[in-house]
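Notes for the structure review
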Amino acid sequence: MNLKGRDFLTLLEFKRQELEEIINLAQKMKNGKEKNIGNKTMCMLFQKPSTRTRISFEAGMTQLGGHAIYLDFRTTQLGRGETIADTGRVLSRYSDIIMARLYKQSDIEELAKASDVPVINALTDLYHPCQTMADMMTVKEKRGQIRELKVVFVGDCGFNMCNSTIIGFSKLGADVTAVCPDKKEYKPSPDIIKAATEHASGKISIEHDPIAGVKDADVIYTDTWVSMGQENAEQRIKDLQPYQVNNNLIRHAKPDCIVMHCLPAHRGQEITNEVIDGPHSVVFDEAENRLHVQKAIIVSLLGV
Ligand code: CP
Ligand code: NVA
């Protein structure tokens, strides 16, 4: 596998085998395999807040023998109107790899186009590919496989986390069901379903009844009902209430199902304390795996 120089923007652009090799490398590195990228620098550009992503990339670069620089829009010239493209050209002169968390997917595509070094998508409104890589690694770790599992995403299925879950898990052979209200804003867009289906080896479906949706699930996934940048919080919380992941819902899944959440969680909204702190939850292993899988992504894109 040679991924040197590639960008990591959507998951759609990588073959199943390439994603599996990154996950296998991440697992080996988690188990002690050492990699050293030697004095390489990553610029990390943030337009939205972050806890896990910032810290895991920064710690990952330190562990790999490199260095990470945190930049945000407010304290750089981006805040005064310098373009994303000019910023990308300049950052490429100083650093070996760039990661960015931006609102618009088109902006990260523009950043990648203007940059001479690999660009990693650290979340946009449309995708969160690094999170899904960590999620797939976690499922493989817990279950030994992804193929033929039933993965059910419950709640807001019209935003980044569900989009990447559909694309990643179906590509690696799981059947993915999106369970959400029958309203346009909560459903995966037809474009996402079409793009994912072209690359999928598992089935993709949409269901509106939460109990029917989670029936026999191996994995139940949820995310906040009000993502960064979304409006009408009160209405969204009301609409999504029947989709709360609680003990009553998860008893309809397989008895050994695992429950996942990208975090941050809004305890008592999309997930209850009893579930997130209960025996099915793997959310903190999932958060840890961000570190391992991102180190494997960095090593792969740098060609080390
Ligand atoms: N899951 C995730 O990306 O978390 P942060 O927003 O804290 O980075
Ligand atoms: N959907 C959430 C994910 C946070 C990691 C958001 O965009 O806010």
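Everything numeric in this text was worked out from a predicted model, so none of it was measured.

1. Here's the deal with the packing of aromatic side chains
- Taken as a whole, this structure holds 3 aromatic pairs when the rule is applied.
- Ring centres of Phe8 and Phe14 lie 5.1 Å apart, and the angle between their planes is 40 degrees; on these two criteria the pair is classed as tilted.
- On the accessibility criterion, Phe8 (0% relative accessible area) is buried.
- Their ring planes at 15 degrees and their centres at 5.3 Å tell us that Phe153 and Tyr221 sit as a pair that is stacked. Here Tyr221 lies in strand S8 (residues 219–222) and Phe153 lies in strand S5 (residues 150–154), a separation of 68 residues in the sequence.
- According to the relative accessible area criterion, Tyr221 is buried, its value standing at 0%.

2. Here we look at the site of ligand 2
- As a matter of local geometry, ligand 2 sits amid Leu123, His128, Phe159, Asn160, Asp223, Thr224, Ser227, Met228 and Leu263.
- Asn160 places a polar side-chain atom, nitrogen or oxygen, 2.9 Å from an oxygen atom of ligand 2.
- Asp223 is positioned such that a nitrogen or oxygen atom in its side chain is 2.6 Å from a nitrogen atom of ligand 2.
- In isolation ligand 2 has 270 Å² of accessible area, and contact with the protein removes 94% of it.

3. Observations regarding the sheet that holds strand S4 (residues 119–121)
- The 4 strands are arranged S2-S1-S3-S4 in an open sheet whose pairing can be described as parallel. Looking at the sheet topology across the chains shown, the edges are occupied by strand S2 (67–72) and S4. If you compare each strand with its neighbour and ignore which way they point, the axes differ by 20 degrees on average.
- Strand direction decides the pairing type here: strand S3 (residues 97–101) and S4, joined by 3 bridges, are parallel. The residue of S4 that forms the bridge with Met99 is Ile120.

4. What to know about the nonpolar core
- Formed by 64 residues in total, the largest nonpolar core has its most connected members in Phe8, Met42, Ile120, Met133, Val293, Ile297 and Ile298.
- With 7 residues, the top contributor of residues to this core is helix H12 (residues 283–302).
- Counting 19 residues, the second largest nonpolar core, distinct from the first, contains Val152, Ala217, Leu249 and Ala253.

5. Overview of helix H9 (residues 233–240)
- Here H9 has its buried residues at Arg236, Asp239 and Leu240. Across the axial projection of H9, the buried residues extend over an arc of 85 degrees, all falling on one side. Turned more than 90 degrees from where H9 packs its buried face, Glu234 and Lys238 sit exposed.

6. Thoughts on the pairing of S5
- Buried residues dominate S5, accounting for 4 of its 5 residues.
- Where S5 meets strand S6 (residues 175–179), 5 bridges bridge the pair, whose relative direction is parallel. When the sheet's bridge partners are listed, Lys150 is paired in S6 with Asp175.
- Following the chain from S5 across helix H6 (residues 160–171) to the adjacent parallel S6, one finds a crossover that is right-handed.
- The pairing of S5 with S8 spans 4 bridges and is classified as parallel. Bridge pairing links Val154 to Thr222 in S8.

Rules and cut-offs
- Residues numbered from 1 in each chain as written.
- Chains lettered and ligands numbered in written order.
- Predicted model: local features only at pLDDT ≥ 70, side-chain atom pairs only at ≥ 80, totals over all residues.
- Heavy atoms only, no water.
- Phe/Tyr/Trp six-rings, centres within 6.5 Å; stacked < 30°, edge-to-face > 60°.
- Buried < 20%, exposed > 50% of the residue type's maximum accessible area, 1.4 Å probe, protein only.
- Helix = DSSP H or I, 4+ residues; strand = E, 2+ residues; numbered from the N terminus.
- Near = heavy atom within 4 Å.
- Polar contact = N/O pair within 3.5 Å; in protein donor to acceptor, adjacent residues only side chain to side chain.
- Areas by Shrake-Rupley, 256 points an atom, 1.4 Å probe, with all protein chains shown as cover.
- Pairing = 2+ DSSP bridges.
- Axes fitted to C-alpha atoms, helices over the stretch in contact; angles between N-to-C directions.
- Core = buried A, V, L, I, M, F, W, Y, C linked by side-chain atoms within 4.5 Å.
- Arc of directions from axis to C-beta.
- Right-handed = clockwise from strand over helix to strand, strands pointing away.

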